Amino acid sequence: MHVAIRNVISTLTASGEEVMGPDVLLYHYPGNDIMNGSLLTVESNHFCVLKSRGAILNCYETGQYQVDTPQRVLVGAIQQAFYGGQSPWQYEAIYVNRAKLVIRAEGQALSREMAQLRYQVDYYIHVDSKDDALKLVQHMPYQGHFIKTSEVNTYAAPVLEQSINQICQVTPLEQINERIHDITDLVTAHLQEFLNTYGITLNNVKVLVAPADELMKKLISLRAFGLDEEHAIRYYIAMLMADRGLITAPNMISGTGFTIQGASPLVETGEYLKPPAEPAKR
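On a predicted model such as this, the values are computed, not experimentally measured, just so you know. Residue indices follow the written sequence of each chain, beginning from 1 at its first position. Owing to the predicted nature of the model, reporting of local features is limited to residues with pLDDT of at least 70; listing and counting of side-chain atom pairs is limited to 80 or more, with chain, interface and lining totals taken over all residues. Excluding hydrogens and water, the side-chain figures rest on all heavy atoms present in the structure.

A. Up close: unusual backbone geometry. You will see that Arg53, though not glycine, has its phi angle at about 50 degrees, which is positive. Relative to the elements of secondary structure, Arg53 occurs in the loop between β4 (46-52) and β5 (55-60). Only protein chains enter the accessibility calculation, which uses a 1.4 Å probe; a residue is then buried when its area is under 20% of its type maximum, exposed when over 50%, and partly exposed in between. For Arg53, a relative accessible area of 28% translates into the label partly exposed. Counting from the N terminus, the helices are DSSP H or I runs at least four residues long and the strands are E runs at least two residues long.

Okay, structure coming up:
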């Protein structure tokens with residue numbers, strides 16, 4: 001439960017715990033005890049946007065400020081109402097995290113052959129200025145008292161998927177990793193343009209793309225050693241045979257029959273495939 005100690009408003013809980021963790025982009029102070037004269041505390045890695053009845057009054061950087069209705073509001077207009085003194089919810093304090101946060105997105109794409117791929121994108125974001133903090137408060141809706149990085153990811157996921165598929169769907173499966181820099185550049189450009197609307201700055205992006213099927217991963221790895229398709233498949237089957245303790249694994253690689261002291265323990269099937277001989281005429 002959050003309470004104001006001596007009417008000081010901050011991001012600390014009653015037990016002194018910091019609310020703005022590494023997964024919190026925005027925090028709406030939940031109390032209704034912000035009045036004229038309250039002290040608003042802003043930490044060094046936060047911004048604080050002060051609102052009153054829907055209007056944005058001010059945006060603060062690091063420091064402690066006394067709450068007072070200014071002569072001019074930043075955004076919106078205050079509709080005056082008649083109250084017998086100070087009214088609850090007269091002011092709202094919205095804290096914005098200005099530290100660098102990391103978000104991970106995962107999804108699926110398709111190669112040119114329609115082979116299924118999995119991608120993982122780690123991207124780093126921060127809110128750079130007071131103007132950006134105002135953009136975030138104005139343009140990104142929230143429910144409850146938080147905007148967390150997972151919610152930002154909900155907005156960004158379609159942009160990531162479209163950017164990655166734009167290149168992957170015209171690229172052969174074996175050449176996906178050769179174009180990882182092109183994919184990263186495209187994701188960065190589209191994602192930065194999208195996040196700018198919300199006042200969020202994109203710092204850097206890391207993209208990994210791999211086949212969704214484990215068999216395809218291993219075959220492509222073998223192909224990377226210079227093996228053609230046939231030999232890659234033989235080596236893969238030989239590895240499976242070796243894992244099961246089969247002594248014929250090397251024969252799978254070489255494509256030769258298995259012999260014991262020069263004699264094949266296998267029966268030739270050719271004799272059984274010949275048509276039956278006709279009975280001798282008397």
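Let's pick the thread back up.
B. Structural context of the sheet that holds strand β9 (residues 116-126). The rule for pairing is simple: two strands pair if DSSP sees at least two bridges between them. With respect to topology, three strands assemble into an open sheet ordered β8-β9-β11, the strand pairing being antiparallel. Both outer strands of the open sheet, β8 (101-110) and β11 (201-211), are each paired with one neighbouring strand and no more. Strand-to-strand, the axes of this sheet are offset by a mean angle of 20 degrees, without reference to chain direction. Working rule for contacts: check all heavy atoms of both residues, and any pair within 4.5 Å makes them a contact. Orientation is described by axes fitted as lines to C-alpha atoms, over the contacting stretch for helices, and by angles from 0 to 180 degrees between their N-to-C directions. Of the strands in this sheet, β8, β9 and β11 touch helix α2 (residues 149-168), which is tilted by about 40 degrees from β8.

C. Main features of the state of the cysteines. Count a disulfide wherever a pair of cysteine sulfur atoms falls within 2.5 Å. A complete count under the given rule lists zero disulfides for this structure. Cysteine Cys59 is unpaired, with the sulfur of Cys48 as its nearest cysteine sulfur at 7.7 Å. According to the relative accessible area criterion, Cys59 is buried, its value standing at 4%.

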